[in-house]
Structures are given as C-alpha cells and as structure tokens.
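What follows is the residue order along each chain.
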Amino acid sequence: MPSSAISPKPLSTFGCENCRQQHLKCDRVTPTCGRCQNTGRQCRRSGLRIRQSPQYTKFSKTQKWVRIERRLEFVDETRKVIYEAATLDSGLDEVDPDIESPILSDQSLLQGFSQSSISETPNGQENPRRFPSRQQTLPESPRPSETASEALSPHGSVQLPETVSSSEGHARECSPTDRFIARAGTYHQLYYSKNSAFPIEDPVEAELYRHYVQSLAPWLDLCDPLRSFETIVPQNAANFPLLLKAIYSFSARHKTLTGYFDSVRCSEYYDECLTELRDVLAAYDESGADENLFAATIILRVLEEIDVVDNGTDQEANLLGIHAFVSTGSFFENPSPLSIASFWVGLRQGIYKAVINKRPVGLSVDHILVEQSLARTDCHSVANNAVVHCTRVLNFCFDKGGVCNLEEWNKLWKSNEDWENEHAPFHTPIFKAPDDVPFPQIWYHQSCQVIGVQHHLLAKSYLIRFRHKFSATGTRHQSTLAKRRAEADIQRIVRMLCGIGLGNQWTPPGMFTACMAISAFGASFTQRKDQEAMIDILRKTEKDHARPTKSVQEDMMKAWGWSASTWTPTQVPPWPDTTQYATNLNMNDSMGYQQA
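Residues numbered from 1 in each chain as written. Predicted model: local features only at pLDDT ≥ 70, side-chain atom pairs only at ≥ 80, totals over all residues. Heavy atoms only, no water.

So, the packing of aromatic side chains
Thinking step 1. Scanning the entire structure with this criterion turns up 11 aromatic pairs.
Thinking step 2. For the pair Trp219 and Phe512, a centre-to-centre distance of 5.1 Å together with 80° between the ring planes defines the contact as edge-to-face. Of this pair, Trp219 sits in helix H7 (residues 203-220) while Phe512 sits in helix H21 (residues 509-521), placing them 293 residues apart in sequence. Across this residue pair, the class does not change: Trp219 and Phe512 are buried.
Thinking step 3. Centre to centre, the rings of Phe343 and Trp344 are 5.1 Å apart; their planes meet at 65°, and the pair counts as edge-to-face.
Thinking step 4. Accessibility expressed as a relative area gives 1% for Phe343, which makes it buried.
Thinking step 5. Overall, the relative accessible area of 8% leaves Trp344 in the buried class. (Phe/Tyr/Trp six-rings, centres within 6.5 Å; stacked < 30°, edge-to-face > 60°. Helix = DSSP H or I, 4+ residues; strand = E, 2+ residues; numbered from the N terminus. Buried < 20%, exposed > 50% of the residue type's maximum accessible area, 1.4 Å probe, protein only.)

Next comes the structure, spelled out in structure tokens:
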C-alpha cells in the first residue's frame, strides 16, 4: 500500500508584517509563520499584491519617445561626494547641506581626475566645483582621543598634502579611487550635527530621554566612577543623531515591554536608528576611533538582548560589533573615558551571553586596559578585576575545560582566593540576614560591590563544578561524596547570588546576574520550594526589567520534571523595596526580613 505523501504548507508571496517590522527573515509559511508561532503572536499579513502585466505590450504608432543624447552624464548625489566637492574651495564650516549636486562626465572619470575638472550642468553653464587631482590627497584621520567637539569645529579649509603614505611607509601617488574612501572629516561633518538637539521639542521624546538617564543608564554605569553613560552619553547625543536615536529606541523598547509605550511608535524609532546606523557604518571604516559610535553600539546591544522577548532569538549583531571595536588596533592606543567605559560594559555583556549559551566569552582580556585596572585598588577597579577573572574562568571552562589542565585550574583557583583575601572590606556586606531559606538577604551600598561580588561568586561556582574532573582518584564512593560536597557548595553560592540580587533590587543588574546563576546551576536544586523561588526571580526580572528569561524558565522546569501549566506562583518571603534605601541609605526596621 503506497504511503500518503505529506503536502507542504503553502507559502505566501511576502513575509508577515511582524517579521518585516523587525527586519527578520520570514519563512512565509501560511497561515502562521515559524517566528510568530514560536513567540505566540498573531501572524499579520500585508495586503501587497503583484500585478501581472500582459506578456506582450503593444505601443501606439503615435507613441512619443524620449530622445537620449549619445554622450551621457552621471550625477552623483550621495552626501559624501557632494560634501567633498563643496569643501575643496570653501572651508568645512561653510558647507551648505543643500548644495547643488556636482555633475561628473564619463570622460572626466576616465581621466582619473588628473586635473581639476569643471563639468557642465544640464543648462549648459559651467559648474565651478573642482575635484581633487592625483597630486592631492586625503587628510589624516584623527587620533582615537579626538573628541567630537574638536572634529565638529575645524579651523580654516582643508589642507591637502601632495602625497599619501602607504602602509610600507613609502610615499605613493594618489589613485583615482582615493576620493571615494571615507574620510574622517567627511564622517564627522555628515553625521555630527553643529546644532544641538536640545531643547527637545517632542514631549514624548523628552520623556524617553529622561527615562534612559534616570532608569536605564545606571544599568551600564555599574563599575564606572564617571558614570559615562549617564553623564557623557546624553550630552554627546545632542550632536550625534545616531546616539540620540539609540537612546530613544532603547527607552521606547523597554517601556513597551513593561507596558507603558506604543509598540508601533517603538518600531518606528528602531527603524530610524537602524537606517542611521547603516549610513554611519558605510561612511566611516575606522569606526573604532569614534567613542560615540562605540557607545551607541553598546546601547543597541542591550536593546538586542531585551528584544529576545518578542523575537525568540538573539541576532547578536551588535555583540559582533563590540568585538570589532575592541579588536581594532587603534582602540588601545589612547582610548577616551567613554571608550573605556564601553569596553567594560561590552565585557559584561559578553559574560552574560557566555553563561546563557554555555560558550567562551570571546573578548580578549590580555591588554593594557586590564593591566591598568589590575594595578588599581579603588572599588570600581576591584569590581572590574572580578569581572576579568570571571571572563578567564568561563573561557577556561567552555574552551579548555575538556582538557584536564590542572595547572591552569590551580592558577585560577588561587586568583579567586587572592581576590577574596585581599579585598575583604569590599565584599563585606552592610547587612546579612541569617541563612534562612530560600535565599539569605545580603545588602551592599554600591552597585560596583554588587556586580563585583556576584561575578566573583559566579567564577567560584564554575571552578568548583570543574574541580571533580581533576579528582578521579579514589573509590567510587569517595568520588560520589566529593561530587555531593561540590554540589552543596555550589548551591550555597547560588543562594548567596540570588540573595544579593533580591536584597539590592535598586540596581537591576544584580537580578540579571542572579538569573545567570540560576541558568547555570539551578538544575541541581531538588527542593520544590527552592525551585519555585527561582522561577519567581526569573519571572520578576522579565516583568519588571524586560530581561528575557522565558527560555531559562522552560529549561529549569524541564530539568526539574514539572510543567509550567500545572504550576502556580506560591507565597515566598516578601522582600523589602530597597529603592528608597539606594537613595538615602536610610535603614529602618520596616525593611527587615519577615517570615511568611
């Protein structure tokens, strides 16, 4: 009896509206595409139709045709070429953005601009715009330490040297194609605005701006004494539209996921930001030298992380962009404070992704920035040192963990103990409740303490987990006992990580790190009360801060052997709201731990 063939699902001509708005590839399956089915959204189809034209088109005998000249002229209307043509005679400060487009004839292009070419306009008049000759060259790129204000206010006109130095150090003659290479001056003139965006006229955008400064920037300034993302970034955004659009997009997305903003307008902000980002990246190859572009990439990476709530997948496009910035040779020559702050944020973002996906971090920590941080003893540097140590531990566990390298493990374990012994005042909490279940309350008064101690404990948990790989000696019973002791130590540390997150909710990244610990080690908990308390943390983090934890919840429930459909939240010990405590450090009896 022949088997009946399963007919494939029909495909639509166009992707669904949800995928189109998020710039994602749609599988076009009807009636519901794969992405909408995975995220549980209604799959909306557009009303676009393809109009079929007849196979043969007949024209009337009286049809009038446009007469085409034999000699064609090409009009290049790109902003970059217009700017270059306009600034050769006039200074950078005198460029009109609505300048008339220069016209390039095919003959002048073939001549390679060996002479200053003067082309004709369509009305037969000469265009006085002159283009660079072979003997002219491009200005030097600014150093990474050059600020945006310096680039925005050049003095006088551009002075072009006679030759260009090649990578071998020899002077070479300018090529006809050199004029199409993005220049640093061109980049800043095109994508930095001389006019400040302040005051913001739209009250909605002003609210988004304030929401970023007050609620979201502290996520990024955990270990930065200058609070660069709260102070420097908002000011620089006034003259760098991409950075301002990134702030609007991040704030709008966060408010949308927490239920306080229009999703349609949120998508519009995101689309505008992506368009601006594509233009900026296309115009400036040496992007590692622009601190504001680096900061915009960091902000868009956070947006990319929380966008997993709807997309179901993490594209990691901006995470790759962070890797590209750090791997740029000019980045470590003379980095600005904002670039340094962006590096540390990017490193923590890499750790988060490494723990969730169980893979190496990927960013290198063997360079001068880390060496300088290791030599300092202030609170913020001590926290950054713990982050660096956690990075090395994760790279060891997920990259070299398969090879039983006892020597390297001992080195990492000694570093963990040295940090704990040398910085006892740093990791000593201001308050610690008794070790009640499920999690002990642990309070700190600085966000850098919260993040530093949590990354230290996270690294310690991974080292304990991998320790049994090097203790294969002894009987089977001894090996089982050693494994149980290791699991007990890990559970104790995970309880502390969750207690730190819950006890310091005034700094939301503490909750994010607690979710990382649950994702890595939560499956080892067997008590129902502990499991439900961890699910409460995951759900609270996603509800309050739009941090995606749904996949972690599903993984934990599957590991514990129970389904979400049969589970209802239980009453766990109420945790005090420490937001006011973060403001005035006013501890009182009402903030104490209460037994349910």
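With respect to the pattern of salt bridges
Thinking step 1. Going through the model one piece at a time under the given rule, you end up with 17 salt bridges.
Thinking step 2. The partner of Asp418 in a salt bridge is Lys414, and the shortest N-O contact between them spans 2.9 Å. Here Asp418 pairs with Lys414, and both are found in helix H17 (residues 406-422), just four residues apart, close to one helical turn.
Thinking step 3. What makes Asp418 partly exposed here is its relative accessible area of 28%.
Thinking step 4. One salt bridge connects Lys540 with Asp544, and the closest N-O pair in it is separated by 3.0 Å. Of this pair, Lys540 and Asp544 both sit in helix H22 (residues 528-545), four residues apart, which is roughly one turn of that helix.
Thinking step 5. Looking at Asp544, the relative accessible area reads 30%, which means it is partly exposed. (Salt bridge = Lys/Arg side-chain N within 4 Å of Asp/Glu carboxyl O.)

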